[in-house]
Amino acid sequence: MPGKLIFKPNFVQRGSGPHLDPLVYLTDDNENAFHSEIALTKEGVVISDTEGKQKFSLHVRWNIEGFGYIYCFADNGGEFYQLPSSGEKTLNLNYELAVSRVKFNQKRLKKFMEDDWSPSKEVGALKDLSEELLNDAAHVKNNTEKCSLLSQLSLKYSMLVGDYLELERARYDVHKNGRRKDFFFGCDARGYFQMDSNLFIEKFKKLFNFATITHYLKGDFVDFEAEEGKKQYAVREEILKSLRENNITIEGRPLFWTHEWVTPDWLKQKKYPELLKWIEKHVTQVVSHYKDQIEVWEVVNELHDWANELLLSREQTIEVTKLACEVARNTNPKIKLLINNCCPFGEYVQLKKMGNLNARFPQRTPHQFIQDLVGNDVDFDVVGVQLYFVWRSAADAINNTERYLQFGKEVHLSEVGAPSFGLKLEFIDPDPGDYSKYPYEWHRHWDEELQADWLEYNFTHAYSKPQITAANWYDFVDPKAFLIKGGLLRSPEGEEKAAVDRLLSLKEKWNKLP
């Protein structure tokens, strides 16, 4: 029986907190989250059983004053951790977080510099400072308080370095690669029904050349099929016509999504053989209805053991996805087929949750799901990656996105989002009251310029990578956004936030490139 590994947090922060979130989890040496016996106790973060995984990294949401209350990792400087063979081993969490981030930045910078690129003097100086502080911390390991304080400072600067490195390198690659005439700048189009339709088109078309039109069976602006067999095409054809008249390419979404928000009772009641017959019929009808007017179809959404109201097994999720893709391809070989994923870091695996349901089967991360689909010869063209702010740095979001490039398929940033006020909250979350009482999440409390920063980091990175062919912001207008204050417009009256100006400025610069 292996021993315990304990990461002891030393709370050197000056504010009132919270400083460490109870949800802590592990990833393996391929960066996939897995379930383990891990808990935050009075001793610290205690790991007692890794359920067969030998090497692992720790992920904690830690308050880094000067950067944010955000998830960061400890991976033993890239060497990973293992449980001791017996007894207990205690490590200083502050130091382990700092050394892991500093080493990660060094590896990332080494990769970037292979083609004679170098960071700005500011970033270079901050990198040097983070390394000097870490060296100082290493020399006083026997003095827990001093080591922890120095480690926390090192971590603050190294987190800043990580973000700045990614943006500077992406800007460099954008200019090196030149203008991308076929890149899709997109957004959800439900705003058409949430504000004056003419005003929507006016605001939308100056920003975007790509739009998604939703087909949620229930829970949509107009339910697509709340009653089985009664599909509601008319309102969608109206917006489709308006968008196409303005040369905007359309993605339809989704052909199959079984989150509790959108799954009607009649679908839940189907036995598995009946479900397969319905999928074949549904996909055929919907794809054939639009012919070539919809050029991209999101085939399944969030089926990686997360949105699974029908309680499909792992094998069934693959079979369902393969069937839906085959039927869509046979119905219209011209369209591109997209598999969309949420929860990009897969922490739900530790919780054993599928939405609000308890998981009944071993779970996969989104990356493992895509790997399974590719391994089972599922025929699709595009991987969709959601990049809402989920308490990760821009650097970590970007690095996680790049993991999907290995599959050799196009990648869409299918849903990018961040709030423009206070804290990140979904529309279902309770009002926390005075947000200033809580630690800020990324750089500072959210405001319109910080929302624009999140857009710039992710859209710039996407534009810099030829394999990433679209970036979609979600959503268009407040107060109807998925994230509270997550829209680009403040209200249906059409007042534009800073992110609108930021995107227009980026596009203007990029359009001038050769």
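The structure this text deals with has already been given above.
For every chain, the first residue of the written sequence is number 1, and numbering continues from 1 along that sequence. Given that this is a predicted model, residues contribute local features only at a pLDDT of at least 70 and side-chain atom pairs are listed and counted only at 80 or more, while totals for whole chains, interfaces and linings are drawn from all residues. No hydrogens and no water enter the side-chain calculation; it runs on all heavy atoms of the structure.

A. Spotlight on empty space enclosed by the protein. Think of a 1 Å grid over just the protein atoms. A cavity is a set of points where a 1.4 Å probe fits yet cannot get out, a pocket is an open set with protein on both sides within 12 Å along at least five of seven lines, and lining residues have an atom within 4 Å of a point. Grid points are joined across faces, edges and corners, and a volume is the space filled by probe spheres set on the points. Scanning the entire structure with this criterion turns up 5 cavities of 30 Å³ or more. Here the largest cavity defines a volume of roughly 70 Å³. As for the largest cavity, its lining consists of His215, Tyr216, Leu217, Pro254, Leu255, Phe256, Trp257, Val262, Trp278 and His282.

B. Up close: the sheet that holds strand S8 (residues 88–92). A strand pair is defined by DSSP finding two or more bridges across the two strands. Counting from the N terminus, the helices are the DSSP runs of H or I reaching at least four residues and the strands are the DSSP runs of E reaching at least two. Strand order across the open sheet formed by 4 strands is S4-S5-S1-S8, with mixed pairing between neighbours. Where the open sheet ends on each side, the last strands, each with one partner, are strand S4 (37–41) and S8. Neighbour to neighbour, the strand axes of the sheet diverge by 20 degrees on average, direction disregarded. Sheet topology note: the S4/strand S5 (residues 44–49) ladder contains 5 bridges and is antiparallel. Within S5, the residue paired with alanine 39 across the bridge is valine 46. The contact criterion used is simple: two residues touch if any of their non-hydrogen atoms lie within 4.5 Å. To get an axis, fit a line to the C-alpha atoms, keeping to the stretch in contact for a helix; angles then go from 0 to 180 degrees between the N-to-C directions. Against the sheet, helix H1 (residues 93–112) makes contact with strand S1 (4–8) and S8, and its axis sits at roughly 65 degrees relative to S8, the strand it touches most.

C. Summary view of helix H5 (residues 234–245). What a helix should span is 1.5 Å times the count of its residues minus one. Taking 1.5 Å per residue as the helical rise, H5 with its 12 residues ought to reach 16 Å, and the 17 Å between its terminal C-alpha atoms agrees with that figure. For H5, the full list of buried residues reads Arg236, Ile239, Leu240, Ser242 and Leu243. One face of H5 carries all of its buried residues, which in axial projection span an arc of 165 degrees. Exposed side of H5, more than 90 degrees from the buried face: Ala234, Lys241 and Glu245 are the residues found there. On its buried face, H5 sits against helix H4 (197–205), strand S10 (210–214), strand S11 (249–253) and helix H7 (272–290). Downstream of H5 by one or two residues, asparagine 247 has phi in the positive range, about 60 degrees. Exposure classes here rest on a 1.4 Å probe applied to the protein chains alone. A residue is buried below 20% of its type maximum, exposed above 50%, and partly exposed in between. The reported arc concerns the directions from the helix axis to the C-beta atoms and nothing else.

D. Molecular detail of the layout of surface pockets. Space inside the second largest pocket adds up to approximately 670 Å³. Along the walls of the second largest pocket sit 29 residues, with Glu31, Phe73, Asp75, Phe104 and Asn399 positioned nearest its centre. Counting only elements with at least two residues in the lining of the second largest pocket, the list comes to strand S2 (25–27), strand S6 (57–64), strand S7 (68–74), H1 and helix H11 (394–402). Sorting elements by how many residues they give to the lining of the second largest pocket places H1 first, with 5 residues. Residue composition of the lining of the second largest pocket, grouped by class: 9 nonpolar, 10 polar and 10 charged. Gly is placed with the polar residues, together with every amino acid not listed as nonpolar (Ala, Val, Leu, Ile, Met, Phe, Trp, Tyr, Cys and Pro) or charged (Asp, Glu, Lys and Arg).

E. Focus on the environment of lysine 281. Here lysine 281 shows up in helix H7. When the C-alpha atoms of lysine 281 and valine 327 are compared, they prove to be 8.8 Å apart, with 46 residues separating the residues in sequence.

F. How the structure looks around the pattern of salt bridges. Put simply, a salt bridge is a Lys or Arg side-chain nitrogen that is within 4 Å of an Asp or Glu carboxyl oxygen. Under the definition given, this model contains 41 salt bridges. The shortest N-O distance in the salt bridge between arginine 61 and glutamate 441 comes to 3.9 Å. Here glutamate 441 lies in the loop between strand S17 (410–417) and helix H12 (448–464) and arginine 61 lies in strand S6, a separation of 380 residues in the sequence. Taken as a pair, arginine 61 and glutamate 441 share a single burial class, namely buried. Within this structure, Arg171, Glu449, Asp453, Glu456 and Arg502 form a network of salt bridges that share partners.

G. The pairing of strand S13 (residues 336–341), seen in detail. With 5 of 6 residues buried, S13 is to be regarded as a mostly interior element. Here 5 bridges tie strand S12 (residues 296–301) to S13, and the two strands are oriented parallel to one another. Bridged to valine 300 within S13 is isoleucine 339. By the criterion used throughout, a crossover qualifies as right-handed when its path from the first strand across the helix to the second strand runs clockwise, the strands pointing away from the viewer. What joins S12 to S13 is helix H8 (residues 314–331), and the crossover it makes is right-handed.

H. Expanded view of the nonpolar core. If you look at the biggest cluster of nonpolar residues, it comprises 137 residues, and the most contacted ones within it are Leu243, Phe256, Trp442, Trp454 and Phe476. In terms of residue count, the dominant contributor to this core is helix H3 (residues 144–177) (9 residues). Sequence-distant contacts of leucine 243, that is, excluding residues within four places in its chain, are made with Ala189, Phe200, Ile201, Phe204, Ala211, Ile213, Ile248 and Ile250. Here, the term nonpolar core denotes a set of buried Ala, Val, Leu, Ile, Met, Phe, Trp, Tyr and Cys residues that are joined through side-chain atoms within 4.5 Å. Ranked by size, the runner-up nonpolar core spans 18 residues in total, among them Tyr25, Tyr216, Ala307 and Tyr348.

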